[in-house]
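Take a look at the letters that make up each chain.
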Amino acid sequence: QVQLVESGGGLVQAGGSLRLSCVASGVLVTINVMGWHRQTPGKQRELVATIFRSGSVNTADSVKGRFTISRDNAKNTVYLEMNSLKPEDTGVYYCNVVDYLNRETWGQGTQVTVSS
């Protein structure tokens, strides 16, 4: 069973940067899609960015130009580089992966807080 461990969240001032990491373990079937979602106060969980094994990337309009998703297939790890952070980026960030059997796994989430 795949398990995900996220790290890198924390408290940062507006305009600052953070880098989130998510490591997948227990992988028996190759992971196709890796992604980040977030749940901000008062809102439903939303997609931030996804990256396919091929390298194809989808990024939410709200973070385009500020956030960059990348992955290391050999390490089953996905990263989210977050720059020019805004208070409205505050929330819990969740990693998720989908393997080639379309089985999806979610991480426990990591808190990101951006102060104004």
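In short, a report on the structure. The model shown is predicted, which means the values in this text are computed figures rather than measured ones.

Rules and cut-offs
Residues numbered from 1 in each chain as written. Predicted model: local features only at pLDDT ≥ 70, side-chain atom pairs only at ≥ 80, totals over all residues. Heavy atoms only, no water. Helix = DSSP H or I, 4+ residues; strand = E, 2+ residues; numbered from the N terminus. Buried < 20%, exposed > 50% of the residue type's maximum accessible area, 1.4 Å probe, protein only. Pairing = 2+ DSSP bridges. Axes fitted to C-alpha atoms, helices over the stretch in contact; angles between N-to-C directions.

Located in the positive-phi region is Ser84, a residue other than glycine, with phi close to 50°. Take Ser84: it is sitting in the loop between β8 (77–82) and β9 (91–99). Even without a glycine there, the phi angle at Asn102 is positive, about 60°. Looking at the secondary structure, you find Asn102 in the loop between β9 and β10 (104–106). The exposure class of Asn102 is exposed, given its relative accessible area of 65%.

The subject of this paragraph is the sheet that holds strand β7 (residues 67–72). Strand order in this open sheet of four strands is β1-β3-β8-β7, and the pairing throughout is antiparallel. The sheet is open, and its two borders are formed by β1 (3–7) and β7, each paired with just one other strand. Going across the sheet, the axis of each strand differs from the next one's by a mean of 15°, ignoring polarity. Judged from the six bridges that link them, β7 and β8 form a sheet pairing that is antiparallel. When the bridges of β8 are listed, Phe67 appears paired with Met82.

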